[in-house]
Amino acid sequence: MKYVKQNFARHRMFVSVDKLNEECLSWLDRTGNALVHHTTKKIPAEVFAIEKQHLRPVLEKIKSPKMSITRTVRKDNTIWYEGNRYSVPLGTYDGTAKEVGVQACETRLRIYDLDTREYLAEHERSFLKGQLIQNTNHRRDRTKGIRAYLESVTRQFSDTQLAAAYLEAICQRQLHRTK
């Protein structure tokens, strides 16, 4: 579009859309698509003719979600939404510019994977600014399990047997409290 606007349309008088389209296509056939491209050293019309053989038709209509709000997952596994940070599970950030979908209701915010449509997180919506809304389950890798974390913490102490007994007592106490 920029090429057409700056090279074709800049000094032309607009008469009608049909006339503009006709003149523009004619101009592209004469200049833009018919001459050797400065960078690629190829003629765009010839390159397109070769690529056209490999194009496939779109068989089904692409469905767009009701509200297509996307956000990029940050390094700290959060997304920005209306001036606040909302957590997503640990490992959602994968080193790329990963985007997730957001569904916002009046009081809730649901975050989902754009590829699989799987829900990653659901949060109470905050109408304040600068808040971190975080689910505590998002702070640890839940695939490892509690036992792996207990062993990791136990290894940090010089008396591992005493530490293991103490941590086990805490676990037992928490289990009885939740029942």
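Residues numbered from 1 in each chain as written. Predicted model: local features only at pLDDT ≥ 70, side-chain atom pairs only at ≥ 80, totals over all residues. Heavy atoms only, no water.

Across the interface, helix H1 (residues 2-9) lies against helix H2 (residues 17-30) with an axial gap of 11 Å and an inter-helix angle of 95°. Classed by the angle they form, the pair H1 and H2 counts as roughly perpendicular. On the side of H1, the interface is formed by Tyr 3, Val 4, Asn 7 and Phe 8, while H2 contributes Leu 20, Glu 23, Cys 24, Trp 27 and Leu 28. Partitioning the contact of H1 with H2 into residue classes produces seven nonpolar, one polar and one charged. (Axes fitted to C-alpha atoms, helices over the stretch in contact; angles between N-to-C directions. Helix = DSSP H or I, 4+ residues; strand = E, 2+ residues; numbered from the N terminus. Parallel < 35°, antiparallel > 145°, perpendicular 65-115°, else oblique. Contact = heavy atoms within 4.5 Å. Nonpolar A, V, L, I, M, F, W, Y, C, P; charged D, E, K, R; others polar.)

This part takes up the environment of Gln 134. Along the chain, Gln 134 falls in the loop between strand E7 (132-133) and helix H4 (146-154). C-alpha of Gln 134 to C-alpha of Gln 53: the two residues are 81 residues apart in sequence and 50 Å apart in space. Apart from residues no more than four positions distant in its own chain, Gln 134 is found in contact with Ser 87, His 123 and Arg 139.

Looking now at the environment of Ile 111. Mapped onto the secondary structure, Ile 111 falls in strand E5 (residues 108-113). Spatially, the C-alpha atom of Ile 111 lies 14 Å from that of Asn 84, the residues being 27 residues apart in sequence. Every residue in contact with Ile 111, bar those within four places of it in the chain, is listed here: Ile 79, Tyr 86, Ser 87, Val 88, Val 100, Gly 101, Tyr 119, Leu 120, Ala 121 and His 123.

All right, on to the pattern of salt bridges then. For the structure shown, the criterion picks out nine salt bridges. One salt bridge in this structure joins Glu 23 and Lys 19, with 3.8 Å as the shortest N-O distance. Note that Glu 23 and Lys 19 are positioned in helix H2 at a spacing of four residues, about one turn of the helix. Between Arg 108 and Glu 122 there is a salt bridge; the shortest N-O distance is 3.1 Å. Of this pair, Arg 108 sits in strand E5 while Glu 122 sits in strand E6 (residues 119-124); the two residues are 14 residues apart in sequence, bridging distant segments of the chain. The class of Arg 108 is partly exposed, set by a relative accessible area of 27%. Taken together, the salt bridges that share partners define one network made up of Arg 108, Arg 110, Glu 122 and Glu 124. (Salt bridge = Lys/Arg side-chain N within 4 Å of Asp/Glu carboxyl O. Buried < 20%, exposed > 50% of the residue type's maximum accessible area, 1.4 Å probe, protein only.)

Remember, this is a structural readout, not a statement about activity or role.
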